Amino acid sequence: MANNVLNFTINLGGTAYTGIAQIDRALNSVNANAKKTDTLLGNINNAAFKFNNILQTAQTIVDKVSGSIGKMIEVGSTNEMQKMDMTTLFRGNAEAADEMFKKISQYGKETVYDKAGLIDAQKTMMSFGITGEKSFETLKQIGDVAMGDKQKMQSLALAFSQATSAGKLQGQDLMQLINAGFNPLQVISERTGESIVSLKDKMSKGQISAEMLSQAFRWATDEQGLFYQGAERAGTTTAGKINQLKDTVDDFLIRAFDKLKPLIDACLQFASDFIMQLPALFSS
């Protein structure tokens, strides 16, 4: 009996000791895991912080770069569209369109007018059937008469085109020309000596032809005319110089765009393809 009690006590002690040792190891394991978990959470937090910093840095770079890149793309894309419009007006003759485009661009650099306004006026005249070279010569004369005013240039171009299409100067066209600061009957009267009354009477009878109107523009802008080199003179003003500087900057951006266009197109294609794959990425 005594031996049995002794054995029971020893076994109980052994069992208790073994159980306590197991609990102690388990607690140590839990404590170690807790430390690892804390370290893991810290690492995740640090990684998230670093990733956030990377994103912020990337966004800052994008913000800094996108301004100039975006402007380059905007100017370059507009230039592409203008060339396309010009080619259409020349019925697909890319060589003739390119030559005219260069002339207009150069004229814009020499005067106060921006290229977009000049191209719009050129398009207006050509859409009324005025041929390319004749329309550009008239465009320069109209530019001199408008004295650097873009709105007046557009009004003069439209009135001239309407009269040319009709083959004669009519009352509404004359009023539009006068409102834009040009009276062709006055110019014709000064050069020919014919009275304004007589010329108005002829106009009412349809006898002031489109060619006479063209001649009035030529007289008004030759060396004896009131508007001689009007656009060039407007280009010497502060506003003219600012516009010429803008044209110079735009020209640089266009050349940069033309050089980088293959890369830009590739990036745009990649971005488009990536966005198309986003639904599949999210679902997976």
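Everything below is about the structure shown above.
Being a predicted model, the structure only gives us computed values, none of them experimental. (Residues numbered from 1 in each chain as written. Predicted model: local features only at pLDDT ≥ 70, side-chain atom pairs only at ≥ 80, totals over all residues. Heavy atoms only, no water.)

Trainee: How would you sum up the nonpolar core? Please name residues and give values.
Mentor: The biggest cluster of nonpolar side chains holds 44 residues, and the ones touching the most others in it are Tyr113, Ile142, Met153, Leu156, Leu169, Phe182 and Phe217. With six residues, the single largest contributor to this core is helix H5 (residues 150-166). The contact partners of Ile142, leaving out residues within four places of it in the chain, are Met125, Met153, Leu156, Ala157, Phe160 and Phe217. Membership of the second largest hydrophobic core comes to six residues, among which are Met72, Val75, Ile254 and Ile264. (Core = buried A, V, L, I, M, F, W, Y, C linked by side-chain atoms within 4.5 Å. Buried < 20%, exposed > 50% of the residue type's maximum accessible area, 1.4 Å probe, protein only. Helix = DSSP H or I, 4+ residues; strand = E, 2+ residues; numbered from the N terminus. Contact = heavy atoms within 4.5 Å.)

Trainee: I'd like a description of the packing of helix H4 (residues 132-146) against helix H9 (residues 210-221), backed by residues and values.
Mentor: Look at H4 against H9: their axes get within 9 Å of each other, and the N-to-C directions meet at 50 degrees. Classified by the interaxial angle, the pair formed by H4 and H9 is oblique. The handedness of the crossing between H4 and H9 is left-handed. Where H4 approaches H9, its residues Lys134, Gln141, Ile142, Asp144 and Val145 are matched on the opposing element by Ser214, Phe217, Arg218 and Thr221. A breakdown of the residues in the contact of H4 with H9 according to their chemical character gives three nonpolar, three polar and three charged. (Axes fitted to C-alpha atoms, helices over the stretch in contact; angles between N-to-C directions. Parallel < 35°, antiparallel > 145°, perpendicular 65-115°, else oblique. Left-handed = near helix turned anticlockwise from the far one by under 90°. Nonpolar A, V, L, I, M, F, W, Y, C, P; charged D, E, K, R; others polar.)

Trainee: Any details on the packing of aromatic side chains? Residues and values, ideally.
Mentor: Scanning the model with the defined rule gives four aromatic pairs in all. The interplanar angle of 90 degrees and the centroid separation of 5.6 Å between the aromatic rings of Phe160 and Phe217 together place this pair among those described as edge-to-face. You can see Phe160 sitting in helix H5 and its partner Phe217 sitting in helix H9, a full 57 residues away along the chain. Residues Phe182 and Phe227 carry aromatic rings whose centres are separated by 6.3 Å and whose planes lie at 70 degrees to one another, so their mutual orientation is edge-to-face. (Phe/Tyr/Trp six-rings, centres within 6.5 Å; stacked < 30°, edge-to-face > 60°.)

Trainee: I'd like to hear about the pattern of salt bridges, residue by residue, with values.
Mentor: Two side chains of opposite charge can pair, provided their charged atoms sit close to one another. Per the counting criterion, the structure on display carries 14 salt bridges. The closest approach of N and O atoms between Lys102 and Asp98, which form a salt bridge, is 3.4 Å. One end of the pair is Lys102 and the other is Asp98, both in helix H2 (residues 94-110) and four residues apart, which spans about a single turn. Between Asp201 and Lys205 there is a salt bridge, with its nearest N and O atoms 3.3 Å apart. Look at the salt bridges and you will find they share partners, linking Glu99, Lys103 and Glu133 into a network. (Salt bridge = Lys/Arg side-chain N within 4 Å of Asp/Glu carboxyl O.)

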